[in-house]
Structures are given as C-alpha cells and as structure tokens.
Amino acid sequence: MTQDPLTVHLLIEGRVQGVGYRAWCAEEAVARDLSGWARNLKTGAVEAVISGPSDTVVDMMDALWHGPALARVTSVSDLEPVEPATGRFTVRETV
C-alpha cells in the first residue's frame, strides 16, 4: 500500500439521484478523512472529486460501486484530471 497523494475526478452513473447518494458519498469520504466534493448533474449522474492518500482513495472508489441501499451504480469512470481538493468533503449544488 502507498500513501502517495491521489486525486480522481469521477462520473458515477446509474440510479444515483434521489437515493441519498451524495450524502452517503460525503459520509464515506469524511469517515476516510478524504477531501473533495460530489454533485448531481442534470444528466442524472453524479460527479465527484476525491483527494487523499492513494490507498484510501482507491478504497473509496471501490465503495462508490455500492453506494446507499437504493442506489444501483452501473459505471464509475475517470474524467479529466483536476487539481487536488483540500478541506472537508462537501456536497455541491446540481449543475
């Protein structure tokens, strides 16, 4: 395992809106002491940026496939690289 910093910019698709996915994502990230944010997109997907130690970020990415009980994730894909996030993980407004 490595503690090198890692930042990922992700698109999570499936039944991820209206099921508490963003709040669940924030709880999971805060529990792992990760930085970043999650927001709903008008397309029905969730966009997220997650920053922290690489092994913890990878663990979080695995968890994203499960989500809260009513979520049904069909894909988690990488988007363009972004600057590392700092501070507490937040839920952003829909764009």
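Scroll up a little and you will see the structure.
Predicted, not measured: the structure shown is a model, and the values here were computed from it. (Residues numbered from 1 in each chain as written. Predicted model: local features only at pLDDT ≥ 70, side-chain atom pairs only at ≥ 80, totals over all residues. Heavy atoms only, no water.)

**Quick notes on the sheet that holds strand 2 (residues 35–40)**
Spelled out, the test is: At least two DSSP bridges between two strands are needed for those strands to be called paired. The helix and strand labels rest on DSSP assignments: H or I over at least four residues marks a helix, E over at least two residues marks a strand, and numbering proceeds from the N terminus. The contact definition used throughout considers only heavy atoms, calling two residues in contact when any of these lie within 4.5 Å. Fitted lines through C-alpha atoms serve as axes, helices being fitted only where they are in contact, and the angles separating the N-to-C directions of these axes extend from 0 to 180 degrees.
Ordered by their spatial adjacency, 5 strands build an open sheet running 4-1-3-2-5, and the pairing between neighbours is mixed. Each edge of the open sheet carries a strand with a single partner, namely strand 4 (72–78) and strand 5 (90–91). Alignment of strand 1 (residues 5–15) against strand 4, held across 6 bridges, turns out to be antiparallel. Looking at strand 4, one finds that Glu13 is bridged to Ser75. Of the strands in this sheet, strand 1, strand 2, strand 3 (46–53), strand 4 and strand 5 touch helix 1 (residues 21–31), which is tilted by about 175 degrees from strand 2. Each of strand 1, strand 3 and strand 4 is contacted by helix 2 (residues 54–64), which is oriented at about 150 degrees to strand 3, the strand it contacts most.

**Overview of the packing of aromatic side chains**
The relation between two aromatic rings is expressed through the spacing of the ring centres and the mutual angle of the planes. Applicable threshold: Side-chain rings of Phe, Tyr and Trp, where Trp is taken by its six-membered ring, are said to pair if the distance between their centres is within 6.5 Å; with planes under 30 degrees apart they count as stacked, over 60 as edge-to-face, and otherwise as tilted. Under the scheme applied here, a residue whose accessible area is under 20% of the maximum for its type counts as buried, over 50% as exposed, and between as partly exposed, the area being computed with a 1.4 Å probe on protein chains only.
Here the structure, examined in full by the defined rule, presents 1 aromatic pair. Ring geometry for Tyr21 versus Trp24: centroids 5.5 Å apart, planes at 45 degrees, classification tilted. Within this pair, Tyr21 and its partner Trp24 are both found in helix 1, separated by 3 residues, close to a single helical turn. The exposure class assigned to Tyr21 is buried, which follows from its relative accessible area of 1%. Its relative accessible area of 13% is what places Trp24 among the buried residues.

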